[in-house]
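Examining the three-dimensional arrangement
Take a look at the letters that make up each chain.
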Amino acid sequence: MENEERAAEERTAPDGTPAEALAAAAGEPAAQAVDEAAAGAAEEGSGEGEEASAVRRRRRRRLVVGSLAGCLVLGGGVLVCLPGEGPSGHGAPVAAPGAQAGSAVRAGVAAALPELAALIEERERAVRERPGDARSWAVLGTAYLEQGRRTAEVAVLYPKAERALRASLKARPRGNADALGGLAALANARRDFPAALRWGEAARKEAPKRWTTYPQLIDAYTGMGDYKKALKALDAMTALHSGPAVRGRAAGVYWDRGRREDAQAALADAAVGAVSPAEQAAWLERAGQLAWERGEPQDALRHFQEAVQLDPDQRAAQAGQGRALAALGRTTEALSAYRVALERQPLPQYALELGELYESLGLAQAARVQYDRLRALVRQESAGGVDGELTLGRFEADHGDPASAVRRLRAEWRRQPGVAVADALGWALHRAGDDEAALRFASIATDRVHGGAVYSAPYMHHLAVIERALGKDGPARRHLQEALRINPNFSPLFGPAARAALAGLGEEPPPAELPD
């Protein structure tokens, strides 16, 4: 069905919209719009004939088969493809970098940074030559988005992505699910889940059987706290398509529903089925996150290390190494891993984690440097349209102004009431001294019957501390025990605090004797 949709789009000639009109849609002069239009797809422009398109698709299938012929299964079920090695040792044909990245971008999976750069260069050239090429504009915008995610240069790349995607819609206002889906993905990346839901629903209406729309709907529903609809979107996606991208997305839904074993199995399948080192590294990084959440730092470290070996630009895995190494007591290595991740992909979350690691070591000045850096990074991301209120709320609750955190997070909860916001708001209310209100939100975040099924040590720790403040020692003791059972090293700063709080509560008193 995906091939049928693609062929139908390739038979649709561009409408010849002039560059000036496209620039107006993008909100900038025509020359600048074309210069900033970034790369597009492995697919060629829509002016080609159907026969050429079919030949190209057959060639791509042969390339995929050839590239998978030289694969080895290593320990832990990891599939590694040796470039240029076929079954008999002869070189197998390999798709051009731009084509490889185009396929990845279209499927919504990770692409290597050098291949993304090649793809962007190709599609920039395409939209200069064919300003009415809606497909190239759409792929260009999605490629900018992926490059922004992988480099954290969102202040520049996210606006460029939006301009390219809107130019695609201007060139083809109807039947353009690629552009609509790209705008949904951009809104999700900006943490604007209501907008992501609107764009995603529009994309689904245009092409109900386009499976790549459903991951964006899953993310949007999750961000809005609607886990039932997220699960329905997953069911719809799996009915339309299979493969590593679908298995990886399924893992995220299982994870959010507390089905950790299912999530682990799905991520293993995704890693084995990945068609590029960058994609495989991304799934291994997610598997490392899950191992970390399970309280298995050694297993998490192995996954993170394998991910970086496959893709040295996998910065999330490098930050993950910092997390795991700190839990294993290898502090110097942990600090180094965090610094590398922050240097190459400066994200606020990495600065927060590094700052808390410094603080746990008694290095208050070094921690303040990272906290200042976090604020600056949030401001930079805001220039790219990213909603940083959840990150700032979490930070202010623990290291700044809890009252400010409450104001930020209340507004966030009204706009997009996901479980992560419920947990953060509950904790901010506790830090601001309103434990009765705090308990309501902490309960929402951890209520496995009504949506808060994420099996999270930090969430359980927050609930326990709030309960203890309200004199509910029994529930507090049980929830502290559960938090430390889930992941005893969930935070270098708050993990020891949880153990101290549990020790302070003492043993659970024996049940009262029944009267004779």
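Residues numbered from 1 in each chain as written. Predicted model: local features only at pLDDT ≥ 70, side-chain atom pairs only at ≥ 80, totals over all residues. Heavy atoms only, no water.

1. Side note on the overall build of the protein chain
When you go through the protein chain residue by residue, the secondary structure sums to 27 helices and two strands. Of all 516 residues assigned to the protein chain, the portion counted as buried reaches 53%. When contacts within the protein chain are restricted to residue pairs at least 6 apart in sequence, those whose partners lie at least 24 apart make up 60%. Of the accessible surface of the protein chain, which amounts to about 22100 Å², a share of 53% is contributed by carbon and sulfur atoms. (Helix = DSSP H or I, 4+ residues; strand = E, 2+ residues; numbered from the N terminus. Buried < 20%, exposed > 50% of the residue type's maximum accessible area, 1.4 Å probe, protein only. Contact = heavy atoms within 4.5 Å. Areas by Shrake-Rupley, 256 points an atom, 1.4 Å probe, with all protein chains shown as cover.)

2. A look at the confidence of the model for the protein chain
On average, residues of the protein chain score 84 in pLDDT, and 79% of them are at 70 or above. Below pLDDT 50 for its whole length, residues 1-93 participates in 161 contacts with residues either more than four positions away or in separate chains. (pLDDT = per-residue confidence, 0-100.)

3. Remarks on empty space enclosed by the protein
Evaluation of the coordinates by the stated rule reveals two cavities of 30 Å³ or more. For the lining of the second largest cavity, the leading source of residues is helix H12 (residues 227-240), giving three residues. Split into classes, the residues belonging to the lining of the second largest cavity amount to four nonpolar, one polar and two charged. (1 Å grid on protein atoms, 1.4 Å probe; cavity = no way out; pocket = protein on both sides within 12 Å on 5 of 7 lines; lining within 4 Å. Points joined across faces, edges and corners; volume = space filled by probe spheres on them. Nonpolar A, V, L, I, M, F, W, Y, C, P; charged D, E, K, R; others polar.)

4. Describing the packing of helix H22 (residues 402-415) against helix H23 (residues 419-431)
Between H22 and H23, the least distance of the axes is 9 Å, while the angle of their chain directions is 150°. By the angle class used here, H22 and H23 are roughly antiparallel. With respect to the hand of their crossing, H22 and H23 are arranged in left-handed fashion. When H22 is examined against H23, the residues Pro402, Ala405, Val406, Leu409, Arg410, Glu412 and Trp413 are found in contact with a partner set consisting of Val421, Ala422, Ala424, Leu425, Ala428, Leu429 and Arg431. Residue classes in the contact of H22 with H23 are distributed as eleven nonpolar, no polar and three charged. (Axes fitted to C-alpha atoms, helices over the stretch in contact; angles between N-to-C directions. Parallel < 35°, antiparallel > 145°, perpendicular 65-115°, else oblique. Left-handed = near helix turned anticlockwise from the far one by under 90°.)

5. Thoughts on H22
The end-to-end C-alpha separation of H22 is 20 Å, in line with the 20 Å expected for 14 residues at 1.5 Å each. Considering only its buried residues, H22 is in contact with helix H21 (389-399), H23 and helix H24 (435-446). Where H22 begins, the capping side chain belongs to Asp401, and its oxygen is found 3.1 Å from the backbone nitrogen of Ala403. (Expected span 1.5 Å × (residues − 1). Polar contact = N/O pair within 3.5 Å; in protein donor to acceptor, adjacent residues only side chain to side chain.)

6. Description of the pattern of salt bridges
Any two side chains of opposite charge can pair, on the condition that their charged atoms come close. Overall, the coordinates contain 27 salt bridges when judged by the stated rule. Measuring nitrogen to oxygen at the nearest pair gives 2.7 Å for the salt bridge that ties Glu201 to Arg204. Placement of the pair is Glu201 and Arg204 together in helix H10 (residues 193-206), with a separation of three residues, close to one helical turn. Assessed through its relative accessible area of 23%, Arg204 is described here as partly exposed. A salt bridge links Glu296 to Arg294; the shortest N-O distance between them is 2.7 Å. (Salt bridge = Lys/Arg side-chain N within 4 Å of Asp/Glu carboxyl O.)

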